[in-house]
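In case you want the letters, here they are:
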There are 2 protein chains.
Amino acid sequence: MVEQDRARGTGPGARERRPDRKPTMADIAQHVGVSRALVSIVFRGKEGASEETRRRIFEAAAELGYRPDSLARGLRSNRTRTLGVLFDLRRPFEVELVEHMYPAAEQLGYHLLLGAVTPTRGQEHVVDELLRYRCEGLIVVGPDLDGHRLDAIADEVRLVEVGRAVTRGPVDVVRNDDALGTRQAVEHLVALGHRRITHIDGGPNPGASDRRAGYQRAMTDHGLAGEIRVVPAGYTDEDGAAAGRRLLDGPLPTAVIAANDQAAIGLLDVMLRAGVRVPQDLSVVGYDDSRFAKLPGIDLTSVRQDIPGMADFAIKAVVERLDLPEREPKQIALPPQLVVRGTTAAPHGA
Amino acid sequence: MVEQDRARGTGPGARERRPDRKPTMADIAQHVGVSRALVSIVFRGKEGASEETRRRIFEAAAELGYRPDSLARGLRSNRTRTLGVLFDLRRPFEVELVEHMYPAAEQLGYHLLLGAVTPTRGQEHVVDELLRYRCEGLIVVGPDLDGHRLDAIADEVRLVEVGRAVTRGPVDVVRNDDALGTRQAVEHLVALGHRRITHIDGGPNPGASDRRAGYQRAMTDHGLAGEIRVVPAGYTDEDGAAAGRRLLDGPLPTAVIAANDQAAIGLLDVMLRAGVRVPQDLSVVGYDDSRFAKLPGIDLTSVRQDIPGMADFAIKAVVERLDLPEREPKQIALPPQLVVRGTTAAPHGA
DNA sequence: TTGTATGCGTTATCAG
DNA sequence: CTGATAACGCATACAA
């Protein structure tokens, strides 16, 4: 019932101009006058073909517009050299992480297959899609799945988790040392002379509990256990703004450390509207060093995660486990770095 | 004779626990006790299998952890139902566009294959990669390639350009009506009572010339041709800040329309530092309605592009050209929408 | 250095 | 509904 036989010059007429069929290895073999196998050898860069033959084959390929077929190649060789990356397109942090994975993968001879989680596509769906393409490793950024589900996946494919560990299985984990980040913030403020430093908490969000713990331990280590204050909030502007309003009800601290930049910005806005000067009356530190932090007019002191380092580790970990089947999974927490900008200064009394 | 020889439990030992090989259709056919062809029919959702059989097959697939192989499927059927999307990971606008393409593609039964352009991967490279995976259509967001190169690509695959047209070939183009956006901004300001409205130009960047032209025509249409002022700038904070400093040298206009949000923010910062109150002394309009515009403390009136509409059009266009081979390529410019926030108000004298 | 034969997992067609 | 058979484009041992 496929009645549309669109005869594109089927007859004996000339058909050199536009090949209506994608050229294959057979076409270029015939064009050059060698066997298909030899063409395969040349395209894989294996030895077994003379320099002259290589040249002629590449020439013919360029002329005919030939391009190796990834599907056929992966199917036949049972080796796709592809790594799936699961991440959330709406999170700039994750997008930036992915961007840095490319050079690392390329250098090791692997391709990246992007699996974007969006409001319409859950993690399950994306993992399934990636696995259908036979990716050999999977890098899951900010996993939301429960541990059991990821355990099952780790059974089929090498797995790396970025951001947090949700699995007990043979899985590499790379994350930011969140606690160290807030510790650096505390130490920066203490060095400036602050003592009354309040933490705007991130609630149940990823990394938030470590950031809080880091704050608390650092305060304690500096003899400021008595000054510890934690205001419950979250990771949004609105959370930060609400925390700011609560802060305004009582005597202000001289500095706050927010669980992330968004919350810091919401708080900043409330403070400025209330006539609180930053950094003269109040120092503010964010977390993530997002693009917002760098904006003129915000210029927020913030904690930067080592994104290139995390991307690099994730790629190398999965490739190593692919190459060395018995390598033990590793877990690592990379140190962040405090970026000092205009929202922190010595407190009034100092 | 090729049918039965892949005996799973060949040896006498039990090895049911962990299949060390990825299950295939043959495995699940054998498990259920039907033919492989029938399993194929069921997984393709074609008619020819009883309800009962379907159920048993899906059950067995779930039990064995079977997943259809996209590589083999695409290779054999010569139909991947995959659309390649070329975009720049570092541009939030493009990322958001891609996010909105998913539901549209899914609904039409197509998959998206993401081809991210990064500092280490040029457009050429990405196009090549996408084509190797046999995607049937290609959506190029913000094309940088020269026309000739894209013409050649349009020859191999259905092509849609988003953002601007660089090709003369059979290509669909969807873009924002940039001129209409600045016209809306002008009309908003005129309605508020402004007459001295200056444009902060976007230089050679995409869309900038249309935005400038829209401003000029709208001013003229409102009898304000004599008030037209264009300050050369660009798309960055710094460009906007420099333009702001130039503005401060002379008598200020009552309103400015920046070529994009970034420039508006840079200008905003310079103005606020110089003691110019916004919107009391100066109204400011941005373009793009980026995440920055929505930030508390910025709250920028801005022109929002119809991102879902553009994504939708792009997907539908490429799918239509796939299904209806003779459909003529379309070009369309979608109307943007002005989002009024806190940086615009009536001028002093009004 | 080059050619031959086989199969990867699937779709697709055909006759039973 | 079954079972056999032929591709799809390529990789890869093995023969020449």
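Residues numbered from 1 in each chain as written. Chains lettered and ligands numbered in written order. Predicted model: local features only at pLDDT ≥ 70, side-chain atom pairs only at ≥ 80, totals over all residues. Heavy atoms only, no water.

- The name given to chain A in an unreviewed UniProt entry is LacI family transcriptional regulator, and the organism recorded there is Pseudonocardia halophobica.

**What to know about the pairing of strand β3 (residues 137-141) of chain B**
Residue and element names in this part refer to chain B.
- Summarising burial for β3: five of the five residues are buried, a large majority.
- Residues Gly 137, Ile 139 and Val 141 point to one face of β3 and Leu 138 and Val 140 to the other, with burial holding for every one of them.
- Where strand β1 (residues 82-88) lies against β3, four bridges are found, and the strand directions are parallel. The residue bridging Leu 83 from the neighbouring strand is Gly 137, located in β3.
- Of the strand pairs in this sheet, β3 and strand β4 (residues 158-162) are connected by five bridges, and their pairing is parallel. (Buried < 20%, exposed > 50% of the residue type's maximum accessible area, 1.4 Å probe, protein only. Helix = DSSP H or I, 4+ residues; strand = E, 2+ residues; numbered from the N terminus. Pairing = 2+ DSSP bridges.)

**A closer look at the protein's contact with DNA strand C**
- Surveying the vicinity of DNA strand C reveals 23 residues, the closest of which are A:Ser35, A:Arg76, B:Ser40, B:Tyr66 and B:Arg76.
- Near the protein, within 4 Å, the atoms of DNA strand C are sugar or phosphate in 64% of cases.
- One of the backbone N or O atoms of A:Ser35 is found 2.4 Å from a phosphate oxygen in DNA strand C.
- For DNA strand C, a phosphate oxygen lies 3.2 Å from a polar atom in the side chain of A:Thr53.
- Mapped by element, the contributors of at least two residues to the surface near DNA strand C are α2 (36-44) and α4 (70-77) of chain A together with α2 (36-44) and α4 (70-77) of chain B.
- The element that contributes the greatest number of residues to the surface near DNA strand C is α4(B), accounting for four residues. (Near = heavy atom within 4 Å. Polar contact = N/O pair within 3.5 Å; in protein donor to acceptor, adjacent residues only side chain to side chain.)

**Quick notes on the interface of chain A and chain B**
- The partner chain B presents 50 residues to the 50 residues of chain A that form the contact.
- Where chain A abuts chain B, roughly 4800 Å² becomes buried across the two surfaces, and 58% of that area is made up of carbon and sulfur atoms.
- At the boundary of chain A with chain B, the tally comes to six salt bridges.
- Note that B:Arg134 is salt-bridged to A:Asp69, the shortest N-O span being 2.5 Å.
- The interface formed by chain A and chain B contains 14 residue pairs in polar contact (both at pLDDT 80 or more).
- Only α4, α5 (92-107), β2 (111-117), α6 (123-132), α7 (147-156), α11 (261-273) and α12 (291-294) of chain A provide two or more residues apiece to the side of chain A that touches chain B.
- At seven residues, the largest contribution of residues to the side of chain A that touches chain B is made by α5(A).
- Taken together, the residues that form the side of chain A that touches chain B break down as 21 nonpolar, 11 polar and 18 charged. (Contact = heavy atoms within 4.5 Å. Buried area = accessible area lost by both parts, 1.4 Å probe. Salt bridge = Lys/Arg side-chain N within 4 Å of Asp/Glu carboxyl O. Nonpolar A, V, L, I, M, F, W, Y, C, P; charged D, E, K, R; others polar.)

**With respect to the sheet that holds strand β6 (residues 197-200) of chain A**
Residue and element names in this part refer to chain A.
- Sheet architecture is open: six strands sit in the order β7-β6-β8-β9-β10-β12, paired in mixed fashion. A single partner strand is all that each edge strand has here, and the edge strands are β7 (229-231) and β12 (337-339). Ignoring which end each strand starts from, the neighbouring axes of this sheet average 25° apart.
- For strand β10 (residues 301-304) and β12, the ladder comprises three bridges, and the chain directions are antiparallel. Pairing of Arg 304 across the sheet is with Gln 337, part of β12.
- Along the sheet face, helix α8 (residues 178-192) touches β6, β8 (255-258), β9 (283-287), β10 and β12 and points at about 165° away from the line of β9. (Axes fitted to C-alpha atoms, helices over the stretch in contact; angles between N-to-C directions.)

**What to know about empty space enclosed by the protein**
- Tallying each qualifying case throughout the model produces three cavities of 30 Å³ or more.
- Of the voids in this model, the largest cavity is the one considered here, and its volume is about 70 Å³.
- Looking at the largest cavity, the residues that line it are A:Leu113, A:Leu114, A:Glu129, A:Leu130, A:Tyr133, B:Tyr102, B:His111, B:Leu112, B:Leu113 and B:Leu114.
- Secondary-structure elements contributing two or more residues to the lining of the largest cavity are β2 and α6 of chain A together with β2 (111-117) of chain B.
- When residues of the lining of the largest cavity are assigned to their parent elements, the largest contribution, four residues, is made by β2(B).
- Each residue belonging to the lining of the largest cavity can be placed in one class, and the counts come to eight nonpolar, one polar and one charged.
- In terms of lining residues, the second largest cavity is bounded by B:Leu86, B:Phe87, B:Asp88, B:Arg91, B:Glu94, B:Val117, B:Gln123, B:Val141, B:Gly142 and B:Asp144.
- Top element by residues in the lining of the second largest cavity is β1(B). It accounts for three residues.
- When the residues that make up the lining of the second largest cavity are grouped by side-chain class, the tally is four nonpolar, two polar and four charged. (1 Å grid on protein atoms, 1.4 Å probe; cavity = no way out; pocket = protein on both sides within 12 Å on 5 of 7 lines; lining within 4 Å. Points joined across faces, edges and corners; volume = space filled by probe spheres on them.)

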